[in-house]
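Results of the structural survey
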Amino acid sequence: MGSYLVQRFLLLIPTFVGVTLISFLIMRLAPGDPAELRAGGGLRGAGEGGLATEKRGVVDTAIAQWRAQYGLDKPLPVQYAVWMKNLFTLNFGESYKDNQPVVDKIRERLPVTIKLNLLSIFLVYLVAIPLGIYSATHSYSIGDQLTTLFAFVLFALPVVWLGTMAIVFLCGGDFWFIFPPGGLSSIDYSPDWPLWQRLKDQAWHLFLPVLMLSYAGFAGLSRYMRSGMLEQLRQDFVQTARSKGLPEGIVIYKHVLRNSLIPMVTILAGLLPGLIGGSVIVETIFSIPGLGQLGYEAVLARDFPVVMALFTVSALLTLLGILLSDLLLAMVDPRIAFGRRG
């Protein structure tokens, strides 16, 4: 197992370099110059709106100095080499918007996004696995067809539309005021509140965002569970267990369920990258100050250091998720070996 881990870690290095290189080039070659955008709200905008010709030279000089300050005047290979060099010391640079260290911005918002997504993953598995078991053990029944239809209707609904409708109808618009329209805590929130009151306030604010993050996963995961269960139910060992007179519950939950959970374990590891990318829309709709909202604002502002830092964290989570998936697969399925046996 040790040599297998070493091989996998060595393979992560070129993969990581390739992912970051492609991401770096996409950001740098995309339309929109961060220096022009920065000046567009200030000096450049003033110049185009009637600033004297001789003062426009001052604006151009300021933009050139700003580009030199952040190394944007250097060739792309040099910029990438400098970025990689700083990455080894976990120096993601400073934000173009407010000159704050990118690490501090990520550290400030990371707990919010992790909490949101962990609750979402828990909810998806809590609903999808029983749904998949029911569909497999009652395959082609009316209940199976209704749950399948319901799950795929939810899957087809865009989160942007459903989130907006939830705010309009449930968050104090012209209809009911059941949930808050955004934020993570009430205006009068106080750390001195009793624990139950703080938990209640937090659950009240997180219910809709977590639900919006989760509902699309009910269909996919429940279908994986259903197909895995049906495949196992057709195996000979299941017929043998039934012929021995074992109760149906023991056959399903002791013999079939464990083997059917193997794809669920591998999918769980693959959900790690979603801790950042999957919450962009939800955090933006519900005004939640997490990494998704930070990334969305950074892309609009061409804030390259922030975007690249989020790309890097996402790439690392993806690669670690793949590695974790392989390790978990070998743990739950002893038939899979880490290497070639002699």
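Scroll up for the structure.
So, a few notes on the structure that sits alongside this text.

Rules used in this analysis
- Residues numbered from 1 in each chain as written.
- Predicted model: local features only at pLDDT ≥ 70, side-chain atom pairs only at ≥ 80, totals over all residues.
- Heavy atoms only, no water.
- Helix = DSSP H or I, 4+ residues; strand = E, 2+ residues; numbered from the N terminus.
- Buried < 20%, exposed > 50% of the residue type's maximum accessible area, 1.4 Å probe, protein only.
- Salt bridge = Lys/Arg side-chain N within 4 Å of Asp/Glu carboxyl O.
- Polar contact = N/O pair within 3.5 Å; in protein donor to acceptor, adjacent residues only side chain to side chain.
- Contact = heavy atoms within 4.5 Å.
- Phe/Tyr/Trp six-rings, centres within 6.5 Å; stacked < 30°, edge-to-face > 60°.
- Lys NZ or Arg CZ within 6 Å of the ring centre and 35° of its normal.
- Arc of directions from axis to C-beta.

1. As for unusual backbone geometry
- Phi is positive for Asn99, which is not a glycine, with a value near 60°.
- Here Asn99 shows up in the loop between α5 (76–87) and α6 (102–137).
- Judged by relative accessible area, which is 34%, Asn99 ranks as partly exposed.
- A positive phi angle is found at Ser287, which is not glycine, with a value near 55°.
- Along the polypeptide, Ser287 turns up in the loop between α14 (280–285) and α15 (291–300).
- Residue Ser287 is classed as partly exposed on the basis of its relative accessible area, which comes to 45%.

2. Digging into the pattern of salt bridges
- Per the counting criterion, the structure on display carries 4 salt bridges.
- Here Asp104 and Arg107 are joined by a salt bridge, their closest N and O atoms 2.9 Å apart. Of this pair, Asp104 and Arg107 both sit in helix α6, 3 residues apart, which is roughly one turn of that helix.

3. A short note on the side chain of Thr20
- By secondary structure assignment, the location of Thr20 is in helix α1 (residues 2–29).
- A polar contact is formed between the side chain of Thr20 and the backbone oxygen of Val17, at a distance of 2.9 Å.
- For Thr20, the residues in contact, after removing those within four places along its chain, are Tyr80, Trp83, Met84, Met308 and Thr312.

4. What about the packing of aromatic side chains?
- Counting across every chain of the model gives 10 aromatic pairs.
- Aromatic pair Tyr96 and Phe304: ring centres 6.2 Å apart, planes at 65°, arrangement edge-to-face. Of the two residues, Tyr96 is situated in the loop between α5 and α6 and Phe304 in helix α16 (residues 304–332); the sequence distance between them amounts to 208 residues.
- Ring geometry for Phe179 versus Phe207: centroids 4.8 Å apart, planes at 5°, classification stacked. Residue Phe179 is located in the loop between α8 (159–170) and α9 (195–233), and its partner Phe207 is located in helix α9; the two are separated by 28 residues in the primary sequence.
- Looking at Arg226, its charged tip hangs above the ring of Tyr140, at a distance of 5.4 Å from the centre.

5. As for helix α11 (residues 248–260)
- Listed as buried for α11 are Val251, Ile252, Val256, Leu257 and Ser260. Each buried residue of α11 lies within a common arc of 140° when the element is viewed along its axis, so the set occupies one face. Residues Tyr253, Lys254 and Arg258 are exposed on α11 and point more than 90 degrees away from its buried face.

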